[in-house]
2 protein chains.
Amino acid sequence: MDTPSPCPFCTIAHTSPPLPPTTFLPQNSDPKNASHPATPATTTTSPHSALDTRTAHLILSTPSLLAFLDIMPLTRGHLLLVTREHYEKLGDVGVGVSREIGQWLPVLSRVVMRTLFGKGAGADAADWHWNVVQNNGVRAAQQVPHVHFHVIPRPEYSSGSGVGRPSFVMFGRGQREELDEEEGEALARALRGELAREVVHVREVEGVDLDVGFGVGRERRGKL
Amino acid sequence: MDTPSPCPFCTIAHTSPPLPPTTFLPQNSDPKNASHPATPATTTTSPHSALDTRTAHLILSTPSLLAFLDIMPLTRGHLLLVTREHYEKLGDVGVGVSREIGQWLPVLSRVVMRTLFGKGAGADAADWHWNVVQNNGVRAAQQVPHVHFHVIPRPEYSSGSGVGRPSFVMFGRGQREELDEEEGEALARALRGELAREVVHVREVEGVDLDVGFGVGRERRGKL
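From a predicted model like this one, the values you see are computed outputs, not experimental measurements. (Residues numbered from 1 in each chain as written. Chains lettered and ligands numbered in written order. Predicted model: local features only at pLDDT ≥ 70, side-chain atom pairs only at ≥ 80, totals over all residues. Heavy atoms only, no water.)

1. Some points on the interface of chain A and chain B
The interface is formed by 43 residues belonging to chain A together with 43 residues belonging to chain B. Taken together, the connections running from chain A to chain B amount to 32 residue pairs in polar contact (both at pLDDT 80 or more). When residues in the side of chain A that touches chain B are grouped by element, the largest group, 10 residues, is from helix H2 (residues 95-117) of chain A. Among the residues forming the side of chain A that touches chain B, the class breakdown is 20 nonpolar, 13 polar and 10 charged. Direction of pairing for strand S4 (residues 130-136) of chain A relative to strand S4 (residues 130-136) of chain B: antiparallel, over a ladder of seven bridges. If you follow Gln-134 of chain A over to S4 of chain B, its bridge partner there is Val-132 of chain B. (Contact = heavy atoms within 4.5 Å. Polar contact = N/O pair within 3.5 Å; in protein donor to acceptor, adjacent residues only side chain to side chain. Helix = DSSP H or I, 4+ residues; strand = E, 2+ residues; numbered from the N terminus. Nonpolar A, V, L, I, M, F, W, Y, C, P; charged D, E, K, R; others polar. Pairing = 2+ DSSP bridges.)

2. What to know about helix H3 (residues 181-206) of chain B
All names here are of chain B. Helix length check: H3 (26 residues) gives 36 Å between terminal C-alpha atoms against 38 Å at 1.5 Å per residue, within 8%. Capping the start of H3, Asp-180 holds a side-chain oxygen 3.2 Å from the backbone nitrogen of Glu-182, two or three residues further along. Backbone geometry just downstream of H3 places Gly-207 in the positive-phi region, at approximately 70 degrees. (Expected span 1.5 Å × (residues − 1).)

3. Examining the relation of the copies chain A and chain B
For these two chains of identical sequence, chain A goes onto chain B by a turn of 180 degrees and a shift of 0.0 Å along the axis, with RMSD 0.0 Å. Such a combination of rotation and displacement between the chain copies is what one expects of a two-fold axis. (Least-squares fit on C-alpha atoms with pLDDT ≥ 70 in both.)

4. Points about the confidence of the model for chain A
Detail in the predicted coordinates should be disregarded across regions flagged by low pLDDT. All names here are of chain A. In the predicted model, chain A carries a mean pLDDT of 81, and the fraction of residues at 70 or more is 73%. Counted against residues more than four places away or in other chains, residues 159-173, with its pLDDT under 50, gives 38 contacts. Within the model, pLDDT remains below 50 along residues 216-224, and this stretch shows 13 contacts once partners closer than five positions in the same chain are excluded. Taken together, the chains of this predicted complex give a pTM of 0.83 and an interface ipTM of 0.83. (pLDDT = per-residue confidence, 0-100.)

5. Things to note about the nonpolar core
Counting 71 residues, the largest nonpolar core has Leu-81 and Trp-104 of chain A together with Leu-81 and Trp-104 of chain B as its most contacted members. Examining the composition of this core, we find that 12 residues originate from one element, helix H2 (residues 95-117) of chain B, more than from any other. (Core = buried A, V, L, I, M, F, W, Y, C linked by side-chain atoms within 4.5 Å. Buried < 20%, exposed > 50% of the residue type's maximum accessible area, 1.4 Å probe, protein only.)

6. A look at the pairing of strand S2 (residues 65-69) of chain B
Residues and elements named next belong to chain B. Across the five residues that make up S2, a large majority, five, are buried. Across the two faces of S2 the burial is the same, with Leu-65, Ala-67 and Leu-69 and Leu-66 and Phe-68 all buried. Pairing between strand S1 (residues 58-61) and S2: three bridges, direction antiparallel. Opposite Ser-61, over in S2, you have Leu-66 as the bridge partner. Taking the residues that link successive antiparallel strands as the turn, the S1-S2 hairpin has three residues.

7. Some points on the side chain of Lys-89 of chain A
With respect to the element layout, Lys-89 of chain A can be found in the loop between strand S3 (79-83) and H2. Of the buried charged residues, Lys-89 of chain A lacks a salt bridge, with Glu-88 of chain A as the closest side chain of opposite charge at 4.5 Å. At a separation of 3.5 Å, a polar atom in the side chain of Lys-89 of chain A contacts the main-chain carbonyl oxygen of Ala-125 of chain B. Once residues within four sequence positions are removed from consideration, Lys-89 of chain A is found in contact with Asn-136, Gly-137, Gln-142 and Val-147 of chain A together with Ala-125, Ala-126, Asp-127, Trp-128 and Trp-130 of chain B. (Lys, Arg positive; Asp, Glu negative; His and termini not counted. Salt bridge = Lys/Arg side-chain N within 4 Å of Asp/Glu carboxyl O.)

Shown next, in the form of structure tokens:
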């Protein structure tokens, strides 16, 4: 499929090869990491340096999909899940990729919520509030014509969580401020770590290995 | 998982056994229908009477998911995709069901858009505009605490398509009016027919049979 040349999401896709989420497990704190020999050879660099963060604060990079922080977040932790290939609207996406989109939405939701809201005393999933939004066409407020799902945390109003603007509660129309680079990278790093743990958790609880399929991605890297 | 007794979506699920989408192919116009011997025995009734429409204007009923018209639509064709089992938020949904949610979203999007916008002269998918929205928790405007994705068409303003209210363009906050029963059933009937054709189309183009899995659903019916 032709890729419109200035598509910002295609640019991110081109510079972000697939990387299994468990790459970001702490090297010495979880023995399960040993079962991933494909983790980039550890020299003196951390796994995080395997990601090119010049174009985006990446959370997830699979053969079919990428997730990264929105650079104009409605709230802290506002994340986008996009297709690696260029599709303008959701109706253009085939069964295979759309099943993968579905697969990652609850996983990423838990990761974002736990990172944003789950650390305090008495933290409980019952207190997690967020929207998943996907827009198609200008009349639906689609701004980048490349399929993307928004995962938008809804923190408690005036909870001191960095969102003090009344507008944020107004669905899809909150004020957006540019993401600070350093803060964005620190948040993305925390989200990658939480995602790595979540992938291990899903394997233990549901018996599904979300790292599967990245072998294909590595073969495809040469084409990028 | 416990089901809160007055959950309206659980009520719909309990009264709506799984039914393969191609059940609603016109009986004599498509020879492929013959490949579905599980279609309810045709007596003098139409396949549509196999659905209990007392609780909802159903479009899709699979072993894991249901889709039906929102009874307080933001725009004509506003549809909900819900899990058959009761999960409060998207983070509670496992990999299997969430992959199915993903699978159906583009299919249902095409079906709704083609039914609503695709019949006129010069109709083109480039003119399809719609939102996919899924809310979790009261701070995210979730009104029914049972996972549901909204598919919301965005017709051209003052296009005579039944949406003349300026508010509809305001994301997620348009005025909602109760769905007329007769109009709802006629629209649902059109959507079921379009979905049946779309399932055949996906099988032909992508080689994926979206009718697969309904056998399991039939076995599970006894448990409902």
